[in-house]
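What follows is each chain in one-letter form.
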Amino acid sequence: GNSVTQMEGPVTLSEEAFLTINCTYTATGYPSLFWYVQYPGEGLQLLLKATKADDKGSNKGFEATYRKETTSFHLEKGSVQVSDSAVYFCALSDKGGSEKLVFGKGMKLTVNP
Amino acid sequence: DGGITQSPKYLFRKEGQNVTLSCEQNLNHDAMYWYRQDPGQGLRLIYYSQIVNDFQKGDIAEGYSVSREKKESFPLTVTSAQKNPTAFYLCASRGLRDAEDTQYFGPGTRLTVL
């Protein structure tokens, strides 16, 4: 079945450091790929998405490129801020009719001043 | 102001009791979903519904029930048959027009069994 594997952390960085969170997937067909972010005590917010190979999603300084050849969707940000402290989830959308999301286990990021 | 609301934010239940979690959306979305989140487990799908009066089991439906009598509402009942119900529950919705495949989430309900 479909699955998502991502770095689990937790990870602690200093402000202005470079961030990479690895995400790889296994899927039949061509799923859409997502990064969601969860701030403490809240629901999930969509950070960015890509719907086909070589698409790049970007938002708030974060970027991820849909790489079909390596089945990856790694999240990057060049300079993190304290406000980026959160849990980050990689997910894929099963296009088999239900469009249900399959999630990675999430990675907790803490950014210190 | 469009969005998804879940209530209550915190819920406490005694063992052996059924409880119902509310999820309402005013986004005119056709599909709605319930997920369960446990520490270090990511999110797992409980139930989903793509149209009114129809719903399907997800990956961990045992011990849960749902209804979809209105497009805007998708309540989840956690029954006494659910062995380990303490978790964070998230509701999501998605529009089905224009190949929209993004799910939007509510703020969640944290259920604790005492």
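Basis of the calculations
Residues numbered from 1 in each chain as written. Chains lettered and ligands numbered in written order. Predicted model: local features only at pLDDT ≥ 70, side-chain atom pairs only at ≥ 80, totals over all residues. Heavy atoms only, no water. Helix = DSSP H or I, 4+ residues; strand = E, 2+ residues; numbered from the N terminus. Rg over C-alpha atoms; globule rule 2.2 N^0.38 Å. Buried < 20%, exposed > 50% of the residue type's maximum accessible area, 1.4 Å probe, protein only. Pairing = 2+ DSSP bridges. Axes fitted to C-alpha atoms, helices over the stretch in contact; angles between N-to-C directions. Contact = heavy atoms within 4.5 Å. Buried area = accessible area lost by both parts, 1.4 Å probe. Salt bridge = Lys/Arg side-chain N within 4 Å of Asp/Glu carboxyl O. Polar contact = N/O pair within 3.5 Å; in protein donor to acceptor, adjacent residues only side chain to side chain. Core = buried A, V, L, I, M, F, W, Y, C linked by side-chain atoms within 4.5 Å.

Q: Would you take a moment to explain the overall build of chain A for this structure?
A: Scanning chain A for helices and strands turns up zero helices and twelve strands. Written out in order from the N terminus, the α and β elements of chain A read β-β-β-β-β-β-β-β-β-β-β-β. Against the globule reference of 13 Å for 113 residues, chain A gives a C-alpha radius of gyration of 14 Å, in line with a compact fold. Taking the principal axes of its C-alpha atoms as reference, chain A extends roughly 45 × 30 × 20 Å. Here chain A holds 113 residues, and the buried ones make up 44% of them.

Q: Sorry, what's going on with the sheet that holds strand S9 (residues 75-77) of chain A here?
A: Strand pairing in a sheet is mediated by backbone hydrogen bonds. Such pairs are either parallel or antiparallel. Residues and elements named next belong to chain A. Spatial strand order, S3-S9-S8-S7: four strands in an open sheet with antiparallel pairing. Edge positions in the sheet fall to strand S3 (19-21) and strand S7 (56-59), since each of these pairs with one other strand and no more. Shown here is a sheet whose adjacent strand axes are inclined to one another by a mean of 15°, direction ignored. Relative to S9, strand S8 (residues 62-65) runs antiparallel, the two sharing three bridges. Among the inter-strand pairings, Phe62 is bridged to a residue of S9, identified as Lys77.

Q: In this structure, what is going on with the interface of chain A and chain B? I would like to understand it.
A: How big an interface is tends to be stated in terms of the accessible area lost upon association of its parts. In this complex, chain A contributes 22 residues to the contact, which on the side of chain B involves 22 residues. In total, chain A and chain B occlude about 1600 Å² of area from one another, counting both sides; carbon and sulfur atoms represent 51% of this. The tally of links between chain A and chain B comes to one salt bridge. Where chain A touches chain B, the interface holds seven residue pairs in polar contact (both at pLDDT 80 or more).

Q: Whenever I open this one, the sheet that holds strand S3 (residues 19-25) of chain B confuses me. Can you help?
A: Residues and elements named next belong to chain B. Across the sheet, four strands lie side by side as S1-S3-S8-S7; this open sheet has antiparallel pairing. Only two strands of the sheet have a single partner each, and these edge strands are strand S1 (4-7) and strand S7 (64-66). Ignoring which end each strand starts from, the neighbouring axes of this sheet average 20° apart. Relative to S3, S1 runs antiparallel, the two being bridged by four bridges. Pairing of Ile4 across the sheet is with Gln25, part of S3.

Q: Is there a simple way to think about unusual backbone geometry in this case?
A: As a rule of thumb, non-glycine residues mostly have phi less than zero, and peptide bonds are mostly trans rather than cis. Each neighbour pair has its own omega, and for A:Gly9 with A:Pro10 the value is 5°, a cis peptide bond. Turning to its location among the elements, A:Pro10 is positioned in the loop between strand S1 (3-6) and strand S2 (11-14). In this structure, B:Pro8 follows B:Ser7 across a cis peptide bond, with omega equal to -10°. With respect to the helices and strands, the residue B:Pro8 is situated in the loop between S1 and strand S2 (10-13). Positive phi, close to 75°, is recorded for A:Asp54, a residue that is not glycine. Here A:Asp54 is to be found in the loop between strand S6 (44-50) and S7.

Q: Please clarify how the pattern of salt bridges should be interpreted in this entry.
A: A side chain of one charge can pair with a side chain of the opposite charge if their charged atoms are brought near each other. Residues and elements named next belong to chain B. A complete count under the given rule lists seven salt bridges over all chains for this structure. A salt bridge links Asp38 to Arg44, with the shortest nitrogen-to-oxygen separation between them at 2.8 Å. Members of the salt-bridge network, linked through shared partners, are Arg36, Asp38 and Arg44.

Q: Mind showing me how you'd approach the nonpolar core here?
A: What tends to happen in soluble globular proteins is that the nonpolar side chains get buried as a cluster. In this structure, A:Trp35, A:Leu48, A:Phe73, A:Leu75 and A:Tyr88 are the most contacted members of the largest nonpolar core, which totals 27 residues. Of all elements in the fold, only S3, strand S4 (23-26), strand S5 (32-38), S6, S8, strand S10 (86-93) and strand S12 (107-112) of chain A reach the threshold of two or more residues within this core. For this core, the leading source of residues is S10(A), giving four residues. Residues contacting A:Phe73, with those up to four places away along its chain left out, are A:Cys23, A:Leu33, A:Phe34, A:Trp35, A:Leu48, A:Lys49, A:Ala50, A:Ala64, A:Thr65, A:Tyr66 and A:Cys90. The next biggest cluster of nonpolar side chains, apart from the first, holds 20 residues, and it includes B:Cys23, B:Ala61, B:Val66 and B:Ala87.

Q: What am I meant to see in the pairing of strand S11 (residues 109-113) of chain B here?
A: Strand residues, when the strand is regular, have side chains that alternate between the two faces of the sheet. Residue and element names in this part refer to chain B. Residues of S11 alternate between two faces, with Thr109, Leu111 and Val113 buried on one and Arg110 and Thr112 left unburied on the opposite face. Relative to S11, S2 runs parallel, the two sharing four bridges. Along S11, the bridge assignment pairs Tyr10 with Arg110. In the sheet, strand S9 (residues 87-94) pairs with S11 via three bridges, with the strands oriented antiparallel. In the sheet register, Phe88 faces S11, and the bridge partner there is Arg110.

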